[in-house]
Every structure is written in structure tokens, then in C-alpha cells.
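Understanding the architecture of this molecule
Chain residues, written in single-letter form:
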Amino acid sequence: MPKAPAPNRDQAAMNILSILMLSPDPAADLAKSAPEFRDITEQDFFALLAVANSNHVLVRGFEIYRDLMFKANDTMRAGWADSAVNAERVRIALALDSLSRITSAFDQEGLDVTVMKSLDHWPDFGSDIDLYTNTPARAVVALMRKHFDAEVESQSWGDRLANKWNFTIPGLPEAVEVHAERLGQTGEQRVLAANLPTRSRILDYDGHPFRVPSASDRIMISTLQRMYRHFYFRLCDIVDSAQLAESGVLDFDELRTSAQAAGIWEGVATYLVLVSDYLFRYRGTPLQLPAFVTEAARFNGTTMYVGGLFLRVPIMPQSVQLYRSQIAGLLRRSDLRSTVRLALLPGLATAAAIGHKITGSDKGIW
């Protein structure tokens with residue numbers, strides 16, 4: 001019989017990281033399914049590091065890697081991991097200090113601000129600083145220029161629809177992304193957006209207090225990003241959402257009510273089932289989801305696959321069904337403005353795909 005094709009480097013790296021982050025016994029599981037892990041070359045180490053960085057699990061994953069190497073008396077590889085973790089912690093400390101200064105500036109101006117996504121991965125940190133405010137965009141631009149001499153980046157068509165603004169601040173490697181008064185790929189989520197600050201909570205991160213979304217809103221924001229926009233998961237989405245679901249702070253009944261009001265309940269349910277199925281694959285136990293969650297899901301984790309650096313979700317027909325369901329929900333509520341905005345999404349996606357094929361980039365569109 002022919003041999004199964006060997007996994008490519010990204011697939012192998014994702015498998016190793018998934019074991020490190022999700023397995024109850026990573027040393028044993030790595031010995032069984034990734035024996036090359038113990039003798040990984042420096043080149044493959046940096047490939048693993050790149051996947052961990054892209055999936056926002058560098059600190060958490062490589063702390064486990066480092067400890068495993070120390071236990072194996074492999075000081076060289078433990079040293080590689082320790083250096084990577086320390087460098088990332090320096091970056092995170094600087095980003096956290098900058099985030100604190102930015103949110104303080106909003107407070108000084110009497111404007112609301114909620115930190116989205118960037119802190120969901122703690123003690124890891126996102127690749128940019130992501131904020132939401134109910135403040136009109138012109139006031140946000142004025143604040144960022146006044147306090148930080150920020151440069152406003154040009155908006156793509158998608159950014160304009162979503163009312164999303166990107167800023168570069170001198171001396172800050174991370175971009176600052178501010179969503180003003182709208183959420184969703186086309187800015188169709190007005191009610192969810194408007195309620196975000198009032199439902200938020202203040203949590204401490206390494207001595208810095210930040211206002212972050214409620215547990216339900218975190219799941220809905222992740223769903224909008226993964227199931228309705230990018231169609232891929234980062235490994236951190238699996239880890240973070242599983243921890244949130246099992247922490248006891250997530251009220252599934254309240255989540256269903258809020259997600260139904262936003263027209264994305266099927267997407268939220270599917271998102272949670274995908275998280276649960278991937279967790280089961282590596283941990284052996286799924287999330288304890290209520291029956292009404294699993295019954296509302298449109299597809300399960302068997303559809304996920306590693307593509308490039310991420311866990312991919314098929315667009316046809318699965319994600320298209322979720323899009324149609326969202327449109328139908330908006331129509332049932334007679335929310336015509338949001339329906340029209342969302343109806344622009346296929347054309348926007350097509351233009352982005354054509355632009356990428358012709359120029360190699362969808363910049364200015366998506």
C-alpha cells in the first residue's frame with residue numbers, strides 16, 4: 001500500500017503546538033505522534049516559532065516546550081525556547097504600556113474605549129492593538145493625533161464600511177486599530193456594538209486595568225472574525241474560547257439571546273462546536289456544551305484543516321450558509337440598513353479575490 005504523504009512543515013508545527021497547548025500529557029503525546037520533536041533542528045525550531053507567533057501562543061506554548069526540554073536535560077533547546085519567550089515578553093510589556101497610555105487618553109477626553117481581542121490571549125498578546133469605541137470617528141482621529149502624533153493609514157473599502165480606522169504611532173511597532181460605532185465586516189452590527197461598553201468589565205493585566213468585553217461578547221466578536229470574515233481559526237481561538245467556556249463566567253442562555261439578536265446564533269453555535277471538536281481531538285474530552293448549542297451548529301470540526309499557518313474553515317457551502325442565515329435574520333427584524341451593508345460583502349470579497357489574483361494583494365479592498 002502507498003504511504004500517506006508526510007505532513008508539511010506548517011502541519012507538523014500546528015500538530016506540535018496543539019499537543020503542547022491542549023494535551024493533558026504533552027510529553028507522552030509528542031513521543032507518540034511527533035517523535036522528531038525531541039531532536040528538532042534549529043531551522044525547524046524557528047519554523048515552529050513562526051507558527052506559534054502567528055497563532056498568538058508563543059509565550060504559553062514555548063514555556064511548556066522549555067520545561068519539557070529542561071526535564072529532558074536538553075539545555076540547548078531549552079535555551080532557544082527561553083530566549084524566544086523572553087524576547088516576546090519584552091514586546092508585550094512595551095505594547096501593554098502603550099495600550100495603557102492610549103486608553104488613558106480616551107479616559108482623559110471623556111470617551112469610552114474597550115480593548116477587543118488583543119488581551120484575549122493573555123499572557124500572550126495580539127499582533128496589533130484592537131479597540132472599540134462608541135465615539136464618532138472624527139473625534140477618535142483627533143484624539144490619536146493630539147496625544148500620540150499618530151498617522152492615519154488609508155482605509156480600504158472594507159474599512160470604510162466597517163468604520164474601522166488604523167493608526168501608526170511613532171515608536172510603537174504594533175498598529176492601532178479602532179472600530180468606531182460599528183462591528184462586523186461591513187459594519188452591520190450596530191446593536192451589538194452599541195451595547196459593548198455597557199456590558200464590558202474591568203480586568204487587571206500585569207498591573208494595568210483595562211475595560212474588556214463581557215464573556216458573551218468575546219465569543220460573538222471571535223465568531224464574527226472567524227466565521228464571517230477570515231474563515232480560519234488561530235490556535236489561540238481554540239485555547240482562549242475553551243478556557244472561557246470552562247471558566248464558569250460564560251452564560252450560554254444569555255449568549256444565545258444576544259447572538260440571536262445580532263443574527264449570528266448559528267455562527268456562534270458552530271464556532272463553539274468547532275472549538276469543542278478540536279479540543280476533543282487533542283485532549284480527549286470536548287466542551288460541555290448545552291444541547292441547544294450543538295443542535296444549532298451548521299457543521300462540525302471534521303471540516304477544519306491546516307492551511308498555511310492556520311486552521312481553515314471551508315467557505316463553500318458551510319460559511320455561505322451562515323452568511324445567508326445572517327441576512328435572513330436581519331430581514332426578519334426589518335433592519336434594512338444593516339441588510340444592505342451585509343449584502344455588499346460578496347461583491348467586496350469577489351473584488352478582493354480578483355485584486356489578489358492580479359496584483360498579489362487585496363490592499364485597498366479588504
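This part is about the packing of aromatic side chains. Inspection of every chain in the model, using the stated rule, returns 12 aromatic pairs. Residues F45 and F46 carry aromatic rings whose centres are separated by 5.5 Å and whose planes lie at 85 degrees to one another, so their mutual orientation is edge-to-face. For the ring pair F45 and F62, a centre distance of 5.4 Å and an interplane angle of 85 degrees mean the geometry is edge-to-face. Linking F45 in helix 3 (residues 42-54) with F62 in helix 4 (residues 58-71), this pair joins segments that are 17 residues apart in sequence.

Moving on to the packing of helix 1 (residues 9-22) against helix 2 (residues 26-33). Two numbers describe how helix 1 lies on helix 2: the axes approach to 8 Å, and their chain directions differ by 155 degrees. One way to sum up the angle between helix 1 and helix 2 is to call them roughly antiparallel. Considering only the axes of helix 1 and helix 2, their crossing is right-handed. For the pair formed by helix 1 and helix 2, the contact residues are N15, I16, I19 and L20 on the first element and P26, D29, L30 and S33 on the second. Of the residues that constitute the contact of helix 1 with helix 2, the class distribution is 5 nonpolar, 2 polar and 1 charged.

With that settled, the discussion passes to helix 4. The terminal C-alpha atoms of helix 4, which comprises 14 residues, lie 20 Å apart, in line with the 20 Å expected from a rise of 1.5 Å per residue. Remark: N73 follows helix 4 within two positions and exhibits a positive phi of approximately 60 degrees.

Burial runs high along strand 4 (residues 164-168): 4 of the 5 residues are buried. Strand direction decides the pairing type here: strand 4 and strand 5 (residues 176-180), joined by 4 bridges, are antiparallel. Considered in strand 5, the bridge of K164 is made with H179.

Right, let's talk about the confidence of the model for the chain for a bit. Taken over all residues, the pLDDT of the chain has a mean of 87, while the share at 70 or more is 84%. Under a pLDDT of 50 for its full length, residues 347-366 has, in the predicted model, 27 contacts with residues more than four places off or in other chains.

Glancing now at the nonpolar core. In this structure, F62, Y65, L131, M144, V176 and F233 are the most contacted members of the largest nonpolar core, which totals 106 residues. When residues in this core are grouped by element, the largest group, 12 residues, is from helix 5 (residues 75-108).

The next point concerns the environment of G307. By secondary structure assignment, the location of G307 is in strand 9 (residues 305-307). Residue G307 is classed as buried on the basis of its relative accessible area of 15%. C-alpha of G307 to C-alpha of Q11: the two residues are 296 residues apart in sequence and 7.8 Å apart in space.

Here we come to the sheet that holds strand 4. Taken in spatial order, the 5 strands line up as 1-2-5-4-3 in an open sheet, and their pairing is mixed. Edge positions in the sheet fall to strand 1 (114-115) and strand 3 (151-152), since each has one partner strand and no second. Helix-sheet contacts for helix 5 involve strand 1, strand 2 (129-133) and strand 5, and the interaxial angle to strand 2 is about 15 degrees. Helix 6 (residues 137-148) rests against strand 2, strand 3, strand 4 and strand 5 of the sheet, and its axis sits at about 5 degrees to strand 4.

Let's shift gears to the environment of L99. Within the fold, L99 resides in helix 5. Judged by its relative accessible area of 0%, L99 falls in the buried class. L99 sits 109 residues away from H208 along the chain, and the two C-alpha atoms are 9.3 Å apart.

Cut-off values and rules
Every chain is numbered on its own, with residues counted from 1 as its sequence reads. Local features are withheld for residues below a pLDDT of 70 in this predicted model, meaning they are given only at 70 or higher, and side-chain atom pairs are given and counted only at 80 or more; totals for whole chains, interfaces and linings count all residues. Hydrogens and water molecules were not included; the side-chain quantities draw on all heavy atoms of the structure. Any two rings among Phe, Tyr and Trp, with Trp reduced to its six-membered ring, count as a pair given centres within 6.5 Å; such a pair is stacked if its planes are under 30 degrees apart, edge-to-face if over 60, and tilted if neither. A helix here means a DSSP run of H or I that spans at least four residues, while a strand means a run of E at least two residues long, and both kinds are numbered starting from the N terminus. Whenever a helix is involved, its axis is fitted only over the stretch in contact; in every case the axis is a line through C-alpha atoms, and angles between N-to-C directions fall within 0 to 180 degrees. Oblique is the label for any angle not under 35 degrees, not over 145, and not in the 65 to 115 range, which are roughly parallel, roughly antiparallel and roughly perpendicular in turn. Note on convention: near helix rotated counterclockwise from far helix by under a right angle means a left-handed crossing. Clockwise means right-handed. Contacts were defined at the residue level, with two residues in contact if any of their heavy atoms lie within 4.5 Å. Note on residue classes: Ala, Val, Leu, Ile, Met, Phe, Trp, Tyr, Cys and Pro are nonpolar, Asp, Glu, Lys and Arg are charged, and everything else, Gly too, is polar. Take the residue count of a helix, subtract one, and multiply by 1.5 Å to get its expected span. Between buried and exposed lies partly exposed: a residue is buried under 20% and exposed over 50% of the maximum accessible area for its type, with that area taken using a 1.4 Å probe on protein chains only. Following DSSP output, two strands are said to pair if at least two bridges run between them. The predictor attaches a confidence to each residue, called pLDDT, with possible values from 0 through 100. Only buried Ala, Val, Leu, Ile, Met, Phe, Trp, Tyr and Cys residues count toward a nonpolar core, and they belong to the same one when joined by side-chain atoms within 4.5 Å.

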